[in-house]
Each structure stands twice: as structure tokens, then as C-alpha cells.
Amino acid sequence: MPSSLTRSLPRGLTGSSPRQLFLSTSLAPTSLVSSRNFSFKKGPPTKEKVIILGSGWAGYSLARTLSPTKYDRIIISPRPYFVFTPLLASTSVGTLEFRTVLEPVRRLPGGNINFYQGWADDIDFSRKTITVETNAAEEAASKTVVPPPGGQIPLRDKGEVIEVQYDKLIIACGAYSQTFGIEGVREHAHFLRDIGDARRVRLRVLSLFEQCSYPSSSSPNSNGHVLTDDDKRALLHFAVVGGGPTGIEWAAELHDFIRDDLGKMYPELMRFVKITVYDVAPKVLPMFDKALADYAMGHFARQGIEVKTEHHLERIRLADGKLGRRHGAVRIKIREVEENGGEVGAGMVVWSTGLMANPLIAKLAEKEVVVSKSKNPMTGEVLERRRLVRDKRSGGLVVDGYMRALSVDADAKPEEGNELEKKPLDGVYVIGDCSFIENDPLPKTAQVAAQEAQYLAKELNKGISPGQDGKEFKFRNWGTMTYLGGWKAIHQSKADELKGWVAWVLWRGAYLTKAMSWRNKLLVPIYWVISWIFGRGISRF
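Residues numbered from 1 in each chain as written. Predicted model: local features only at pLDDT ≥ 70, side-chain atom pairs only at ≥ 80, totals over all residues. Heavy atoms only, no water.

Q: Break down the overall build of the chain for me, with residues and values.
A: Looking only at helices and strands, the chain features 15 helices and 26 strands. The 541 residues of the chain split such that 48% are buried. Accessible area of the chain: about 27,700 Å², with a carbon and sulfur share of 52%. (Helix = DSSP H or I, 4+ residues; strand = E, 2+ residues; numbered from the N terminus. Buried < 20%, exposed > 50% of the residue type's maximum accessible area, 1.4 Å probe, protein only. Areas by Shrake-Rupley, 256 points an atom, 1.4 Å probe, with all protein chains shown as cover.)

Q: Lay out the packing of helix α7 (residues 195-212) against helix α9 (residues 245-265) with the relevant residues and their values.
A: Where α7 meets α9, the closest approach of the two axes is 13 Å, and the angle between their N-to-C directions is 40°. One finds that α7 runs oblique with respect to α9. Regarding α7 and α9, the two cross each other, and that crossing is right-handed. Contact with α7, carried on its side by V201, V205, L206 and F209, involves W250, L254, F257, I258 and L262 of α9 and no other residues of that element. Here the residues of the contact of α7 with α9 are counted per class, giving 9 nonpolar, no polar and no charged. (Axes fitted to C-alpha atoms, helices over the stretch in contact; angles between N-to-C directions. Parallel < 35°, antiparallel > 145°, perpendicular 65-115°, else oblique. Left-handed = near helix turned anticlockwise from the far one by under 90°. Contact = heavy atoms within 4.5 Å. Nonpolar A, V, L, I, M, F, W, Y, C, P; charged D, E, K, R; others polar.)

Q: Give me the lowdown on the pairing of strand β26 (residues 497-500), citing residues and values where you can.
A: Two elements, strand β25 (residues 488-492) and β26, share 4 bridges in a ladder whose sense is antiparallel. When the bridges of β26 are listed, H491 appears paired with L498. Counting the residues between successive antiparallel strands, the hairpin from β25 to β26 contains 4 residues. (Pairing = 2+ DSSP bridges.)

Q: Outline the packing of aromatic side chains, supporting the account with residue identities and numerical values.
A: With the rule as written, the count across this model stands at 12 aromatic pairs. For the pair W57 and F84, a centre-to-centre distance of 5.4 Å together with 50° between the ring planes defines the contact as tilted. With W57 in helix α4 (residues 57-65) and F84 in the loop between β3 (81-83) and α5 (88-92), the pair connects residues that are 27 residues apart, well separated along the chain. Each member of the pair, W57 together with F84, is buried. Measuring from centroid to centroid gives 5.3 Å for W507 and Y511, while their planes differ by 65°, and the two rings are edge-to-face. One end of the pair, W507, and the other, Y511, are both in helix α14 (residues 501-514), 4 residues apart, so they sit about a helical turn from each other. Taking relative accessible area as the criterion, W507 reaches 2% and is therefore assigned buried. The class of Y511 is buried, set by a relative accessible area of 13%. (Phe/Tyr/Trp six-rings, centres within 6.5 Å; stacked < 30°, edge-to-face > 60°.)

Q: Help me get a handle on a nonpolar patch on the surface, residues and values and all.
A: Nonpolar side chains collect at one region of the surface, where W487, W501, V502, V505, L522, I526, V529, I530, W532, I533 and F534 lie side by side and expose about 1,200 Å² of accessible area between them. With 7 residues, the top contributor of residues to the nonpolar patch is helix α15 (residues 518-534). Residue classification places V502 among the partly exposed residues on the basis of a relative accessible area of 47%. (Patch = residues over 30% accessible without salt bridge, like charges linked within 9 Å, V, L, I, M, F, W, Y side chains within 5 Å. Salt bridge = Lys/Arg side-chain N within 4 Å of Asp/Glu carboxyl O.)

Q: Explain the environment of V101 residue by residue, including any values.
A: Inspection of the secondary structure puts V101 in the loop between α5 and β4 (102-104). Overall, V101 belongs to the buried group, its relative accessible area being 0%. Sequence-wise, V101 and L87 are 14 residues apart; in three dimensions their C-alpha atoms are separated by 6.8 Å. Among residues more than four places away in sequence, those in contact with V101 are F82, V83, F84, L87, L88, T91, I195 and N520.

Q: Before we move on, could you go through the sheet that holds strand β14 (residues 330-336) and cite the residues and values that matter?
A: A sheet is described by the order of its strands in space; here 3 strands give the open sequence β13-β14-β15, paired in antiparallel fashion. Strand pairing shows two members of the sheet lacking a second neighbour, β13 (311-318) and β15 (342-346), which therefore form its edges. Along the sheet, successive strands turn relative to each other by an average axial angle of 30°, direction set aside.

Q: Which residues make up helix α10 (residues 290-303), and what values go with them?
A: The end-to-end C-alpha separation of α10 is 20 Å, in line with the 20 Å expected for 14 residues at 1.5 Å each. Those residues of α10 that fall on the buried side of the exposure criterion are L292, A293, Y295, A296, H299, F300 and Q303. The arc that holds every buried residue of α10, seen down its axis, measures 155°, which confines them to one face. Residues of α10 that are exposed and point more than 90 degrees away from the buried face comprise K290, A291, A301 and R302. Lining the buried residues of α10 we find α9, β11 (274-278), β12 (305-308), β24 (480-485), β25 and β26. (Expected span 1.5 Å × (residues − 1). Arc of directions from axis to C-beta.)

Q: Before we move on, could you go through unusual backbone geometry and cite the residues and values that matter?
A: A positive phi angle, close to 55°, is found at E310, a residue other than glycine. Mapped onto the fold, E310 is located in the loop between β12 and β13. One non-glycine residue with positive phi stands out, namely W487, at about 60°.

Q: Account for the nonpolar core, with residues named and values stated.
A: Formed by 121 residues in total, the largest nonpolar core has its most connected members in L53, F125, I130, L169, I171, V205 and W250. Not counting residues within four places of it along the chain, the set of residues in contact with I171 comprises L53, I123, I361, L364, L397, V428, Y429, V430, I431 and C434. (Core = buried A, V, L, I, M, F, W, Y, C linked by side-chain atoms within 4.5 Å.)

Q: Any chance you could break down the pattern of salt bridges for me, citing the residues and the numbers?
A: Per the stated rule, a full pass over the model turns up 32 salt bridges. A salt bridge links E314 to K333; the nearest nitrogen and oxygen atoms lie 3.9 Å apart. On the criterion of sequence distance, the pair formed by E314 in strand β13 and K333 in strand β14 is long-range, its members being 19 residues apart. Overall, the relative accessible area of 29% leaves K333 in the partly exposed class. Here D469 ties to K462 by a salt bridge, and the two come within 3.0 Å at their closest N and O atoms. Classification of K462 by relative accessible area gives partly exposed; the value is 45%.

Q: I'd love a proper account of the sheet that holds β25, names of residues and values included.
A: Read across the open sheet, the 3 strands follow the order β24-β25-β26; overall the sheet is antiparallel. Edge positions in the sheet fall to β24 and β26, since each has one partner strand and no second. Strand-to-strand, the axes of this sheet are offset by a mean angle of 10°, without reference to chain direction. Bridge count between β24 and β25: 5 bridges; the pairing is antiparallel. Looking across to β25, one finds that M481 is bridged to H491.

Q: Describe the packing of α4 against helix α13 (residues 446-461), and please don't skip the residues or the numbers.
A: Each pair of packed helices can be described by the angle between their axes along with the distance between the axes. Look at α4 against α13: their axes get within 8 Å of each other, and the N-to-C directions meet at 30°. Between α4 and α13, the crossing angle belongs to the class labelled roughly parallel. Relative to α13, α4 is oriented so that their crossing is right-handed. Residues W57, A58, S61, L62 and T65 of α4 lie in contact with α13, whose contacting residues are A446, A449, A450, A453, Q454, L456, A457, K458 and N461. Of the residues belonging to the contact of α4 with α13, the class tally is 9 nonpolar, 4 polar and 1 charged.

This is how it looks when you write it as C-alpha cells:
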């Protein structure tokens, strides 16, 4: 009798003949027979657990493409949704409603998705375990969190801690807004990376116009709270720091909002309104060629949007007196290249100057990972200590062409990193803004993150480990586009260069087709039409 079956028999029956065994088991009490499983029927195959850290462009796109029949998909993210960031600026001025750019994680196609809302606090690569700090009870889960210069997350009430095991790990935790350690940015600037940021920006814009709409009064009971013309001019100055596509598009959307909607409601305030874009570089939109960038600047000049290049922002502080204390006005210290700086008043500052590495990435790069080096039936398993490789400039984890996290000998010195032998860490992949492809650095854009995610998911769906078929990731640049306001845009790709109304049609069509769900593909054009006919949303709630 096979040994596997013999081990499962009750004690005292292992030495019996087949006939004795049959009689004994057939006459045994029902409870005894039912407590033993003699079925040779195979159960359903166990699916590998694939943990995805993050629900942004990389994490959500991978979970959407990964086969739910082959893998148990588990997403860990501090927010329970995906944000379609290219249209985030439109929601901040009421052109679109917030729900039109959100995709709930729990409604991923294919179903069978597991989700834990929380921050990945640590990873034990040896035990294949992730420590998660839950944050489902936090109201500000949708707000951009900017680490202080030290790189640690600001202090907050710590949530419950759980552990989750994985078979394969996809690190797609994204990046944070880069502040360069400038004083006052974290406290007083507005960011535009999450839906909560867009809502706060919209509320602030509407609030500023309402605060400036009160009539002037010489009443002795005013207690000095009446805003002067200079106060209104400061409050209605909107400063945008960063001349990339995000900053330029928000300035354009704000201009359209003021021209088409707020200007009709507050005509007396239009003489105080000013929009300024500041950038430290010699020109804005550096990813476009000079002709298209000049066209954008000429269009901005015609719309009254001022662009100041080679301007260094050195500090943001609250304005003195009641203007800062009661109305939230700020003073921006600006220094021009080779000139002394001065302070400029503003009602709000929108910050869009690039990205910095997620603090989790720095924490993982400092860890030692104990992995199996070799196995020998005579001498046993040989272990070695390794550590992940981190790119010095971008701060991302270095991966190979198959998106596998690379590691080096833990005893190697950091300055010798370029000369060390790098090996992939088994079952660990890094994609999106927190990754850096060795020998092929790519920009940190939604387009790159989505393509990396789709590549990795398709490789895993083949049932093989990425790298076995020799097919490396290849980025396909579909072009870059930016909205300039007034139904004008610019588009640049290897195939063509477009500007004006034609580029605007392409801009809207591309974003509409890229919307994740059919629900939002229907809602987005509906709200475009509603805003065009009836005006943008101006309610504050």
C-alpha cells in the first residue's frame, strides 16, 4: 500500500490485509470514517499571491492587466482609488467633477481583487512579508503628503499594523512632490497630485473671490478688516511655481475659469486678477522644441498670463497682519538670476516642480536582504547578504530591462556601485516613478509608468518569470501634449508637431480614450458639454 495512504489510516489498521482493511473501515463508526479523507480528487490549484504596492498609474494599470484567473491580486495603497491625473487640473476649476477622474480599486475588471488601505511601512524580503500601517480611518487619505527635508513622513497618529505575505511583489509606490527644502512650501503651497488637492485648490480660488467681493466701508465698526485695493491685488495674484506641463495646464485652466465664469460674476475684481508662472530654468516646457514653446509663451502673453523664467523661489511665508492671519495671503521671496530678490504677495501658490523619491524606497535600500546563494544536499543551503541598488540622482530603485529589482553584495561600498555585479532579487519588481531602468533612464510620466505596468503584467500572464523569454521592456513614446487655454494646445511626437485648435482636439480625444472605465468615458464628455453650455461648477462644499 502506498506510504502516503498508509500515513492517513487510523492507528492499528496499517498492518491489515486489503480484505481486513475493507471490513474494518466499512464496520467502523460513521464519525471515524467521516473524519478521514480518502478522496483522490485534486482540489483547485493554489494561485500565487501578487502584492501591488500603490494604486497610481503603475500599480493600477498592472492590476488591471494581470490575469485574475492565474494570480491572486492584492493591492496595498493609502488611497482606495486611481486618479486620472491628466484631467486633475480640470477638476480643480470645475470643468469636470471629481468623480469623473476616479476609478475605485475594488471595481477593477475581472473582480476577485483584494485591497488593504494603508501605508507599506516595511518589507521583509527573506520572509516575503509586508508590514502595513492601516489608514482607512484617516480623512486626509486623498491629500498630498510631503516629507520634510529629513525624508521621513510627518508625525501622525499611527494606525493599526498588519502583516501580509506575498509570492511576488510589485513595488509601485510612486514619488512625492519635490520641495527642495525651501522654507514654507510644505506649509503654505498647494499641490496638485491627488483629488483632495484639486478640491482644496477649487475651494481656495472661490474663497478668494468671495473675500474680495465685499464692498469697501469707512464704518468705525469695521475694525480695520476692510480690504484695500492693494490687499485685493495681493489676494487675487495666483502664483504657479514650475513651468512643466502640470503648471502650465493649471494656469491655462484657471485663466479659462476666470474669463468664462468668474469674470461675469465679479466684473469689478478683474482689474486685480493676475496669474504668474515662475520657473528656475531659462525656458518653460523644456520637453518641447523651441518653436512650440515659443508659441505657448506667445499665447500666454496674449491671454495676460505672465511667465517669468530664471526666477528662484527662496521662501514662502504668511503675509503680515490681518492679510495673512485672516485671509491666508502669503509673501513669496523671489530672486532673479544675478539680481537681488524681493517679496511678492499672492493669494495662493500652486507648486509643481518635479518629484522626489518615496521615503519607503530609501528605507528599503538601506536594508540587508538574506537570500539563498546555492543549495547542496551534502553541505546544505548557502546564504548571502545583499542590498537593493538605488540610483543616486533620481532616488529610485535600479531595475534591469525586465523590471526586476537589482541587488549587490551588502558589504560593497556605495561609491563602488557601478563596478559591482548586480543580480535580480527573486520575485521582486519595481515599476513607475520609484524605479530607474539601468542603462535606459526614462522620464517619470504617466505614459512610462502605464507601459511598464502593462509589459510586466503581460509577461507574468505568460506563466513565466520576466526575463526567461529574453523580451525586455521597450518604451514607445506616443508624444507629449499640453493645454494652453482658450481651446488651444500643443502636441509633439516623432511623427508630427501640432499647435492651436487641432492640437486641442487631439488633446481632448487622447485623454478621453485613455480614461480607464467606460463609465468615465461617458461622464467626461457629458461634463465637458455641461460646462460649455451652463458654465463650470462654482459651489463651495
